[in-house]
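# An overview of the molecular structure
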Amino acid sequence: MASRAFIGGLALILLSLLGGVAWLRPRSHPERGGVTPTPGNAVARSVPEDTTDKGLLGVVISDASVNLAARLEGRVEDVRVQVGSVVRRGEVVATLDSAGTRQELAIAEAALLSSRAEQQVAALSLKQAQERLQRREDPAQLSVGAISQEEVSAARFEQQLAEAKLAQAQARVQEQEARVAQLRQRVEELVVRAPFDGQVAGRFTHPGALVQPGQAMVHVLRRGTPQVRFAIPAQQVQRVEVGQSVRVEVTEQQRVLQGRVSQVAPEVDVASLMIFALADVEVPPGVFVPAGTTVRVKPAASAQAPQAGSTVGARQ
């Protein structure tokens, strides 16, 4: 029992000593908000980074681009361009198999020639019937009784019948002409042509492939003044206006180009909370900036942008 009491007393003495040491340690003074600064970040502050000097993020685009697609279902006969090929307006880019359609066109053209020949025969028959009726209705012959009324009526009937046959032949010719025009249009639709001067940026098919109407075959970019599409934060929209000069920095090429704002969207894009704008870029001869290149756009001083200190002066 004595040993247990001795051990208990010794434990109480140790606890008292530990409590005294903890009470004597200096206490740190918490900062506002209950956060204790550490030596590494005692002077750090959460200040938003000013990115205005870096410029607005943009991308180089072509002033026009189009996917050339098949207008009819068919099998690809030939693709005459590759990626990078330069094309002219109206130049044939690709063709679909048109052997069957061309054969139908030849048959329709032959039928049209036959219909036109029948029209000429009907026109001659009408002319003959008109001359016969004119002779039957001669007053001199009617006065002496050389021509009976029955013969005159028969001549009139022949003329009317000839007129009907001519109208029938003319209708047949028009029908065949429409058929030929339809087949010629179909043959033309089997040929894919470039709508403007440009350069091929993509090729999506090859000879022998079966394509559907509207299926893209070739992607063409127009060769013209390149443009830059860039995003403006909503709070900085006053920095940019139509007609304003801009500096376009092509980081990948370490090059600076000049441009001018041509369009500014009238509303904020909901997905990105940005306002998109377009600028025409002046590219010197011999310089090539491919579409899709990322750039930085730095607008020049705008007349609408508030000058530094103007707000302070207004408040004073």
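Take the overall build of the protein chain next. Assigned secondary structure in the protein chain consists of 5 helices and 14 strands. Looking at the protein chain residue by residue over its 316 residues, the buried ones come to 26%. Put simply, of all contacts in the protein chain between residues at least 6 apart along the chain, 75% involve residues at least 24 apart. Carbon together with sulfur atoms contributes 53% to the accessible area of the protein chain, which is approximately 21,500 Å² in total.

Glancing now at unusual backbone geometry. Even without glycine at this site, Gln254 takes up a positive phi of about 50°. Following the sequence through the fold, Gln254 ends up in the loop between strand S11 (245–250) and strand S12 (255–264). With a phi angle near 55°, Leu273 is a residue other than glycine that sits in the positive phi range. If you trace the backbone, Leu273 turns up in the loop between S12 and strand S13 (274–282).

Moving on, we come to the side chain of Gln176. Mapping Gln176 onto the fold places it in helix H4 (residues 149–189). Classification of Gln176 by relative accessible area gives buried; the value is 17%. Setting aside anything within four residues of it in sequence, one finds Gln176 in contact with Ala108, Ala111, Leu112 and Ser115.

Turning our eyes to something else, we now look at the pairing of strand S9 (residues 216–222). For strand S2 (residues 65–69) and S9, the ladder comprises 5 bridges, and the chain directions are antiparallel. Opposite Ala69, over in S9, you have Ala216 as the bridge partner. Alignment of strand S7 (residues 198–203) against S9, held across 5 bridges, turns out to be antiparallel. Directly across from Val200, in S9, lies its bridge partner Val220.

This brings us to the sheet that holds strand S4 (residues 86–87). Across the sheet, 4 strands lie side by side as S2-S9-S7-S4; this open sheet has antiparallel pairing. Both outer strands of the open sheet, S2 and S4, are each paired with one neighbouring strand and no more.

Ordered in space as S6-S5-S3-S8, the 4 strands form an open sheet in which the pairing is antiparallel. Where the open sheet ends on each side, the last strands, each with one partner, are strand S6 (191–193) and strand S8 (210–211). With 3 bridges joining them, strand S5 (residues 92–96) and S6 adopt antiparallel strand pairing. By the bridge assignment, Val92 is partnered in S6 with Arg193.

This part takes up the nonpolar core. Membership of the largest hydrophobic core comes to 19 residues, with the highest contact counts inside it found for Val76, Val81, Leu96, Met217, Val218 and Val220. Put simply, the parts of the chain that give this core at least two residues each are strand S3 (74–79), S5 and S9. With 18 residues, the next largest nonpolar core counts Val60, Val240, Ala279 and Val295 among its residues.

Before going further, it helps to spend a moment on the packing of aromatic side chains. Inspection of the entire model under this criterion finds 0 aromatic pairs. The aromatic ring of Phe196 is capped on one face by Arg222, whose charged end is 5.1 Å from the ring centroid. One residue, Arg229, lies across the ring of Phe276, its end atom 4.2 Å from the ring centre.

Here the protein chain averages 79 in pLDDT, and 76% of its residues register 70 or above. Taken element by element, the protein chain is modelled with least confidence in helix H5 (residues 310–315), mean pLDDT 39, and with most confidence in S5, mean pLDDT 95. Note on residues 28–51: pLDDT under 50 across the span, and 5 contacts to partners over four residues away in sequence or across chains. Residue range residues 303–316 is modelled with pLDDT below 50. Its contacts to residues more than four positions away, or to other chains, number 4 contacts.

Conventions we followed
Residues numbered from 1 in each chain as written. Predicted model: local features only at pLDDT ≥ 70, side-chain atom pairs only at ≥ 80, totals over all residues. Heavy atoms only, no water. Helix = DSSP H or I, 4+ residues; strand = E, 2+ residues; numbered from the N terminus. Buried < 20%, exposed > 50% of the residue type's maximum accessible area, 1.4 Å probe, protein only. Contact = heavy atoms within 4.5 Å. Areas by Shrake-Rupley, 256 points an atom, 1.4 Å probe, with all protein chains shown as cover. Pairing = 2+ DSSP bridges. Core = buried A, V, L, I, M, F, W, Y, C linked by side-chain atoms within 4.5 Å. Phe/Tyr/Trp six-rings, centres within 6.5 Å; stacked < 30°, edge-to-face > 60°. Lys NZ or Arg CZ within 6 Å of the ring centre and 35° of its normal. pLDDT = per-residue confidence, 0-100.

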